Amino acid sequence: MNKRTTIYLDHNATTPLCPEAREAMLPFIDGLYGNPSSYHHVGRQARSAVEAARRTIAEIFGCSPAEAVFTAGGTEANNLALRGAAAALKDRGRHIITSAIEHHSVLKTAEALGRDGFDITFLPVDAQGVVAPQAAADAIRPDTILISVMHANNETGAVQPVEVIGGAARQRGIAFHTDAVQAFGKIPQGAVFEYADMVTVTAHKAYGPRGAGALLVRRGTPLVPLMTGGHHEQGLRPGTENVAAIGGFAAAAEQAVAKLASESARIAALRDRFEALLLQAISNIAINSRGAPRVPNTSNVCFAGIESESVLLHLDLLGICASAGSACTTGEPEPSHVLRALGLSSVQAQGAVRFSLGRATTVEQIDTVAAALAGIVKKLREVSSL
Amino acid sequence: MNKRTTIYLDHNATTPLCPEAREAMLPFIDGLYGNPSSYHHVGRQARSAVEAARRTIAEIFGCSPAEAVFTAGGTEANNLALRGAAAALKDRGRHIITSAIEHHSVLKTAEALGRDGFDITFLPVDAQGVVAPQAAADAIRPDTILISVMHANNETGAVQPVEVIGGAARQRGIAFHTDAVQAFGKIPQGAVFEYADMVTVTAHKAYGPRGAGALLVRRGTPLVPLMTGGHHEQGLRPGTENVAAIGGFAAAAEQAVAKLASESARIAALRDRFEALLLQAISNIAINSRGAPRVPNTSNVCFAGIESESVLLHLDLLGICASAGSACTTGEPEPSHVLRALGLSSVQAQGAVRFSLGRATTVEQIDTVAAALAGIVKKLREVSSL
Amino acid sequence: MAREDEDWRRLYEQDREPDIEDSQAGVIFYNDTVIEHFTNPCNVGEIDDADGFALIGDPSCGDQMKLWIKVEAGHIIDIKFKSFGCPGAIATSSMATTLAMGMHLDDARQLTDDDVVRALGGIPANKQHCSLMGISALQAAIRDYEQRIVQRP
Amino acid sequence: MAREDEDWRRLYEQDREPDIEDSQAGVIFYNDTVIEHFTNPCNVGEIDDADGFALIGDPSCGDQMKLWIKVEAGHIIDIKFKSFGCPGAIATSSMATTLAMGMHLDDARQLTDDDVVRALGGIPANKQHCSLMGISALQAAIRDYEQRIVQRP
Ligand SMILES: Cc1ncc(COP(=O)(O)O)c(C=O)c1O
Ligand SMILES: Cc1ncc(COP(=O)(O)O)c(C=O)c1O
């Protein structure tokens, strides 16, 4: 071990590309450059690839290919779901329900709709970071048009009761959207349209490439496109398709589903070992959402008395990659809205570090990181004024 | 010649990836998978790449890096420009000017804004497919907030007087946007902010990858983002950056600029040869916008008495790729709105085929296609009832 | 078939194997029978002394067809067409005339667009409307023939 | 420096060459001097019989600092700090105390955050506010010392 090797525990931020996705993409980078809308054989090859990918994604989610709308990623899919449904349903009502722990691409979009004349209810979570289904049901009003609750939280990994909330929504004829970006490939999802009308997924959080995501839209769900242009993606998302990324997405998704059972057991064991080691070696720590059902790879740890960026920099100097809150908030000192929603104080939330494990994570890595953290925390606490 | 070789004359639909773009992308497909928003070294590598690409694009267009907003492509950039400026300026006025020959991502967006309470003027074009600058100036009203006129038309190649129209807009304090998707890499553009406030470009029309485009936004231009989420791209475009595509875009853009002078001369000569051969061999044809300033690679030909899909299929059976109208309208029999705007009848417009040449186009290919067309047109005219 | 001597036709005879893998081999939209009827349509032409004629379609909407028939003893003994339109229109015109050739008028009257589509082995969904054209023209030409008989002094 | 014996510290001693090319080698945000003051901060601790003390910052807003000084003959003969905050806060605290150590109070009063930033060779723009903390705490501790003298019976 003469060379710093990277230990990557930031899989909730993004994942490396799996070999299958790489293989699926390369032909479309190297020679198959066609535009799927073109008439000729070069275009048809591209169209075949896109439609094959669409069938793969549809099969995985138990929907029909026409119900899978490819986007450039999760943020776009979330915006399409919320803004699109709000625009389509605004004459039926103006009330939208979401949760306080959504990813910014849902949360800020809901806030923006709030400024545009919609009335938004942000459901609270309990101390474990889970939305109470009853709270969701109670929030429903006659003018409620849309409910959006994420499947798994990106910061804590807490799994939300989307089946129950979705069921309540469907019973009342209200559209239900779930951001499944962090759930996909980590927990089984089954036939998503049994409880949801719209589901967001993105390739790059599941060993696929950047540049492809999807909004699954159950047939009949009212939706106004975010953008206008050509007639791509069933009229819901114009723009020349990113064929390589879409092909890579499908290949990665297939792998994610195939590996789900074995990998989630393996990764959950590593995560549990990691947490046991930390609890043993470091006093005054709290593992957020530990009492909730969680996706197997995520461990969100509060180190009392120290500030997370200092932990991250120490880790980074050792080649260890982790994150504080969500990756999107780097550069802003504001503490995580998710941890605040769990009831943590601002000071506590500032000491939170997220470790998100993945396919390449090993026992040795876990042990190295736990040992490193024990030292880092000790050192920072010696400096700390708290 | 025992094997059908592809002759690709559809570069306005999309282009193959140039080797430089491929080289720039591969590291980010193979190992450098970081999320640019992440704190650690894996993320920083990605961020460095994105910022280097931004500097490259900015330098090419003579703007500052902070003025380059990466998007997933041209359609998104056009939507951001039109919808974003309309939303930002709606209290100042509701009148928007665009042209009748815009790409659908501008045209349909303008129409959508028209349904949302904006008043849209669609400037006509002359018989050569060019907007008269005076018409643009005359259309300006006290409540005009935005003018959007494309730099080069995708179907005919006709170059629009954007400098003059942009100058008139600036004089009146009106935001000017130009869709430069088809101009970039084909004609010199200089410092675009001298006449425009917003400029759309997309990588895949200039030998870059699918999945990256940019809206260049001059500092101070009022713009509301299309989507909400993280703080990426100066707050104007949230979502995890497609690092590989952005890197490939910058590499391709550098090449496009470096090769512009030599390639445009070479390609213009081929295009002229092609048109001369056709005019010589086939009676009753018309080359659209031939009297206008055109980008060097585009030839839009009307074959009287026959329908373009029949020409395309014959060509395709010979391995020759061309398109009818814009690629986006495949599957719809409606004749090109661009050619109708030039004053062509519906029947004439249906006989139009677009040939768009590119870097790999050779004299031999041109001669082969011209010969093939002579035969195809003769055959189809023998069948034709017109 | 008559034009096999022409230069440009020789290009078609080349090995059609594409230089880049195309799972759909050839054309996605149209099957080989359709392609064959498009590239080598049967019964193209006009009949100067036709017994029945029809002009249908609107070229400004995408297609137009002219169809001539010659009838003897209740049978269509010759049929010719000309067509302005997409490959689907040309192929279905060719197939409709092929089916009708030699038929007794009573049988020809029973021909439907389904028969044409079936004979072609199917055509893409967005081209179904084309298949109507050949049959509509045929029926219109038969009606024209019948009307001429009625009007015969 | 005192903890070089610890297990986890050994990790730092490894060759830092990254396994994947990192043009920025190490950390983009902070230069080597900042990193050094962050990983091995100087003057960490408390002074039991301090002559001046200051507590500044609000931990719920991101950082807090405590600073103690010992003064003899108008000179700062000892200085210690404790800091809750980001790497920028720790490094600037370390540098501020390093600069002030041994200084005459008249000179120490002239120290500004610019001096700290300059001594560190710069810090990232979004961390400039941290650099204020060390200096603010120093000035507050000096004021505290002065006040105690005035109040001395
Ligand atoms: C829960 C969740 N939703 C949405 C997103 C956004 O996805 P993307 O980065 O593909 O835009 C992310 C990741 O950043 C996420 O974690
Ligand atoms: C003039 C013009 N504008 C915009 C676009 C849309 O670009 P993209 O395919 O990257 O969405 C195109 C191409 O389709 C175009 O030709």
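Residues numbered from 1 in each chain as written. Chains lettered and ligands numbered in written order. Predicted model: local features only at pLDDT ≥ 70, side-chain atom pairs only at ≥ 80, totals over all residues. Heavy atoms only, no water.

To continue, consider the domain arrangement of chain A. All names here are of chain A. Each domain of chain A was delimited in the assignment, giving domain 1 (7–15 + 260–383) and domain 2 (19–255). For domain 1, the biggest contributors to the area lost against domain 2 are L260, H337 and R359; these three give 22% of the whole. The interface formed by domain 1 and domain 2 includes 0 salt bridges. There are 19 residue pairs in polar contact (both at pLDDT 80 or more) connecting domain 1 and domain 2. Here the element with the most residues in the side of domain 1 that touches domain 2 is helix α9 (residues 337–341); it accounts for 4 residues. Broken down by class, the residue content of the side of domain 1 that touches domain 2 amounts to 11 nonpolar, 17 polar and 4 charged. (Domains from an automatic or database assignment. Buried area = accessible area lost by both parts, 1.4 Å probe. Salt bridge = Lys/Arg side-chain N within 4 Å of Asp/Glu carboxyl O. Polar contact = N/O pair within 3.5 Å; in protein donor to acceptor, adjacent residues only side chain to side chain. Helix = DSSP H or I, 4+ residues; strand = E, 2+ residues; numbered from the N terminus. Nonpolar A, V, L, I, M, F, W, Y, C, P; charged D, E, K, R; others polar.)

What follows is about the site of ligand 1. With respect to spatial proximity, 16 residues lie near ligand 1, and among them A:G74, A:T75, A:D179, A:K205 and B:T240 are the closest. What surrounds ligand 1 is not a single chain but chains A and B. Here an oxygen atom of ligand 1 sits 2.4 Å away from a polar atom, N or O, in the side chain of B:T240. Alone, ligand 1 offers 390 Å² of accessible surface; in the complex the protein occludes 96% of this. The element best represented in the shell around ligand 1 is helix α3 (residues 74–89) of chain A, accounting for 3 residues. Looking at the shell around ligand 1 residue by residue, the classes come out as 2 nonpolar, 12 polar and 2 charged. (Near = heavy atom within 4 Å. Areas by Shrake-Rupley, 256 points an atom, 1.4 Å probe, with all protein chains shown as cover.)

Note on the identical chains: chain B maps onto chain A by a rotation of 180 degrees and an axial translation of 0.0 Å, with an RMSD of 0.0 Å. Expressed as an axis order, the relation between the two copies is that of a two-fold axis. Here 100% of the interface residues in chain B have copies in chain A that are interface residues too; the copies meet face to matching face. (Least-squares fit on C-alpha atoms with pLDDT ≥ 70 in both. Contact = heavy atoms within 4.5 Å.)

The next subject is the sheet that holds strand β3 (residues 75–84) of chain D. All names here are of chain D. Pairing within the open sheet is antiparallel, and its 3 strands lie in the order β1-β2-β3. A strand with exactly one partner marks an edge of an open sheet, and here the two such strands are β1 (52–58) and β3. Averaged over neighbouring strand pairs, the angle between their axes works out to 15 degrees when direction is ignored. Note that β1 and strand β2 (residues 63–72) share 7 bridges and pair antiparallel. (Pairing = 2+ DSSP bridges. Axes fitted to C-alpha atoms, helices over the stretch in contact; angles between N-to-C directions.)

Residue and element names in this part refer to chain A. Pairing within the open sheet is mixed, and its 7 strands lie in the order β2-β8-β7-β6-β5-β3-β4. The two strands at the open ends of the sheet, each matched to only one other strand, are β2 (68–71) and β4 (119–123). With direction set aside, neighbouring strand axes in the sheet form an average angle of 20 degrees. Relative to strand β8 (residues 213–217), β2 runs antiparallel, the two being bridged by 4 bridges. Its bridge partner being in β8, F70 is matched across the sheet by A214. Against the sheet, helix α4 (residues 104–115) contacts β3 (95–99), β4, β5 (144–148) and β6 (175–179), and its axis sits at roughly 150 degrees relative to β4.

Quick look at the site of ligand 2 now. Neighbouring residues of ligand 2: 16 residues in total, closest A:T240, B:T75, B:D179, B:T202 and B:K205. Ligand 2 is flanked by residues contributed from chains A and B. B:G74 has a polar backbone atom sitting 2.8 Å from an oxygen atom of ligand 2. Note that a nitrogen atom of ligand 2 is positioned 2.6 Å from one of the side-chain N or O atoms of B:D179. Considering ligand 2 on its own, with 390 Å² of exposed area, one finds that the protein chains cover 96% of that surface. Per element, the largest residue contribution to the shell around ligand 2 is 3 residues, and it comes from helix α3 (residues 74–89) of chain B. By residue class, the composition of the shell around ligand 2 is 2 nonpolar, 12 polar and 2 charged.

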